[in-house]
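Observations on the three-dimensional arrangement
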Amino acid sequence: MAVTANTNETYSESIIKEDLSSALTSISPTECPFMAAVGTRNISNTYFEWAEVDLAAAVDNNSKIEGDSGLANDAPHNAVRKANYSNISTKVVEVSDTANQVSGVADAQTTAKQVAYALAALKRDMEKMSLNNAAANAGASGTARVTAGVPAFLTTNVNRGTGGANGTTSGSGSAGYPNAAATDGTARAITEAMLKSVVADCWTEGAEPSIVLCGASQKQTISGFTGNATKFQEVDGKRLTAAVDIYISDFGSLEIVPARHVRSRDVLVLDPNYAKIAYLQTATQKELARTGLSERRLISAEWGVEVTSEKAHGIIADVS
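Here is what the cut-offs are and how they apply
Residues numbered from 1 in each chain as written. Predicted model: local features only at pLDDT ≥ 70, side-chain atom pairs only at ≥ 80, totals over all residues. Heavy atoms only, no water. Helix = DSSP H or I, 4+ residues; strand = E, 2+ residues; numbered from the N terminus. Buried < 20%, exposed > 50% of the residue type's maximum accessible area, 1.4 Å probe, protein only. Contact = heavy atoms within 4.5 Å. Areas by Shrake-Rupley, 256 points an atom, 1.4 Å probe, with all protein chains shown as cover. Expected span 1.5 Å × (residues − 1). Pairing = 2+ DSSP bridges. Axes fitted to C-alpha atoms, helices over the stretch in contact; angles between N-to-C directions. Core = buried A, V, L, I, M, F, W, Y, C linked by side-chain atoms within 4.5 Å. Arc of directions from axis to C-beta. Phe/Tyr/Trp six-rings, centres within 6.5 Å; stacked < 30°, edge-to-face > 60°. pLDDT = per-residue confidence, 0-100. Salt bridge = Lys/Arg side-chain N within 4 Å of Asp/Glu carboxyl O.

Attention shifts here to the overall build of the chain. For the chain, the count of helices and strands is seven helices and 16 strands. The buried share among the 320 residues of the chain stands at 40%. Summarising the internal contacts of the chain: among those between residues at least 6 apart in sequence, 76% fall at separations of at least 24. Carbon and sulfur atoms form 49% of the exposed surface of the chain, whose accessible area is close to 17500 Å².

What follows is the structure, encoded as structure tokens:
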């Protein structure tokens, strides 16, 4: 038997295919701005590592004698082995056979739509965990592995309140994975001077930050920064611009992005070129055993946060 041309069959609906990685990527970037901005890579183990190399500081006396035969070796540029753990995140949907058959508003009750909603919720969970000040956990029998969030990695370009302290890593110096999150300090109001200081620190370390992620309150406060220009303009007596979406610093332009899932006490200054979402298993769905007159689907991903260079990013922590 033949199928009429252009019939929309379940086999062609991408949202109910096993591999959901492309669907995960297409979910609104404004909902998850961190994941939308950074790259991705594949990993092959639950504990994954990467190399972080710092170049020696520039000097102003690199002058040698002509024909010098006693040149000494320079210090090698050895890499620091940084690491994190992968994290398994899941959503499970169950839809009755009846719900799949009846006619509902926008067919929201069907398996395909419920999988789509669950996938969007999964991505929001991943975004929130990526931006959370959480240490990594290797897990154990009966204990879930946890991937460390970006704030736990940041130790160089930081501005913290009284009592605030950087997190620690499992290895010597800055090597290894974050085994303790940063300590929260006394909250204080964010100022333009704080933002300028952290941006300058990032630039001094060789980074070119381009995104500032902040919560609703901090976005409104930053919109009150005056800089050296008048930003409020009335157009035809009907429109008043009272937002700062682009902050032009001495070291480049930064997009001020409101992020629902960043901690309200953190403002992150990021160079997206130096962070990734690492996947051990990309987002997929699998059928689970039926429960009577219902079908169940598991949506899952195994992933982790990779901060390629923590010196490329900065944080203004403990903001009220």
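What follows is about helix α4 (residues 111-130). End to end, α4 covers 28 Å across 20 residues, agreeing with the expected 28 Å (1.5 Å per residue, within 8%). For α4, the complete set of buried residues consists of Thr111, Ala112, Val115, Ala118, Leu119, Ala120, Ala121, Leu122, Lys123, Met126, Glu127 and Ser130.

Before going further, it helps to examine the sheet that holds strand β14 (residues 276-288). If you walk across this open sheet you meet the four strands as β1-β14-β15-β4, and the pairing is mixed. Each having just a single partner strand, β1 (39-42) and β4 (87-96) make up the two edges of the open sheet. Looking at each pair of strands side by side, their axes are set apart by 30 degrees on average, direction ignored. By the bridge criterion, ten bridges tie β4 to strand β15 (residues 294-306) in an arrangement that is antiparallel. Within β15, the position partnered with Asn87 by the bridge is Trp303.

A word on the nonpolar core. In this structure, Phe34, Leu119, Leu213, Leu268 and Ile299 are the most contacted members of the largest nonpolar core, which totals 46 residues. Counting residues in each nonpolar core, the second largest holds 20 residues, with Phe225, Tyr247, Ile316 and Val319 among its members.

So, on to helix α6 (residues 192-204). Count 3.6 residues to each turn of an α-helix, and residues three or four apart come out pointing the same way. The terminal C-alpha atoms of α6, which comprises 13 residues, lie 18 Å apart, in line with the 18 Å expected from a rise of 1.5 Å per residue. Here α6 has its buried residues at Glu192, Met194, Leu195, Val198, Val199 and Cys202. The buried side chains of α6 occupy one side of the element, clustering within an arc of 165 degrees when seen end-on. Across α6 from its buried face, at more than 90 degrees, point the exposed residues Ala193 and Thr204. Tucked into the core, α6 has its buried residues touching β5 (157-159), β8 (211-214), β11 (246-249), β12 (252-258), β13 (267-270) and β16 (314-316).

On to the packing of aromatic side chains, then. Counted according to the given criterion, the structure contains six aromatic pairs. Both rings, one in Tyr47 and one in Tyr85, keep their centres 4.9 Å apart while their planes meet at 55 degrees; by these two values the pair is tilted. Note that Tyr47 is positioned in strand β2 (residues 47-52) and Tyr85 in strand β3 (residues 80-85), a separation of 38 residues in sequence. Both rings, one in Trp50 and one in Phe153, keep their centres 6.0 Å apart while their planes meet at 45 degrees; by these two values the pair is tilted.

Quick look at the confidence of the model for the chain now. Residues with a pLDDT of 70 or more make up 86% of the chain, whose mean pLDDT is 87. The low-confidence segment residues 6-15, where pLDDT is below 50, has 13 contacts with residues more than four positions distant or belonging to other chains.

If you walk through the whole model with that rule in mind, you get 16 salt bridges. Of the charged contacts in the structure, one is a salt bridge between Arg263 and Asp184, with a shortest N-O distance of 2.8 Å. Placement of the pair is Arg263 in the loop between β12 and β13 and Asp184 in the loop between β7 (178-180) and α6, with a sequence separation of 79 residues. Between Arg297 and Glu295 there is a salt bridge whose closest N-O contact spans 3.5 Å. Judged on exposure class, the residue Arg297 and its partner Glu295 are both buried. Three or more residues are tied together by salt bridges with common partners; here these are Asp184, Arg263, Arg265, Asp266 and Asp318.

Another aspect to go through is the pairing of β12. Two faces make up the sheet, and in a regular strand the side chains alternate between them. The pairing of β8 with β12 spans four bridges and is parallel. In the sheet register, Ile211 faces β12, and the bridge partner there is Glu255. Connecting β11 to the next strand, β12, in antiparallel fashion are two residues.

Within the secondary structure, Arg297 is located in strand β15. When its relative accessible area of 12% is taken as the criterion, Arg297 is described as buried.

Attention now goes to the sheet that holds β16. Across the sheet, six strands lie side by side as β5-β16-β13-β8-β12-β11; this open sheet has mixed pairing. Of all the strands in the sheet, just β5 and β11 have a single pairing partner and so form its edges. Each strand of the sheet is rotated relative to its neighbour by a mean of 20 degrees, with strand direction disregarded. Seen against the sheet, α6 touches β5, β8, β11, β12, β13 and β16 and runs at an angle of roughly 165 degrees to β16.

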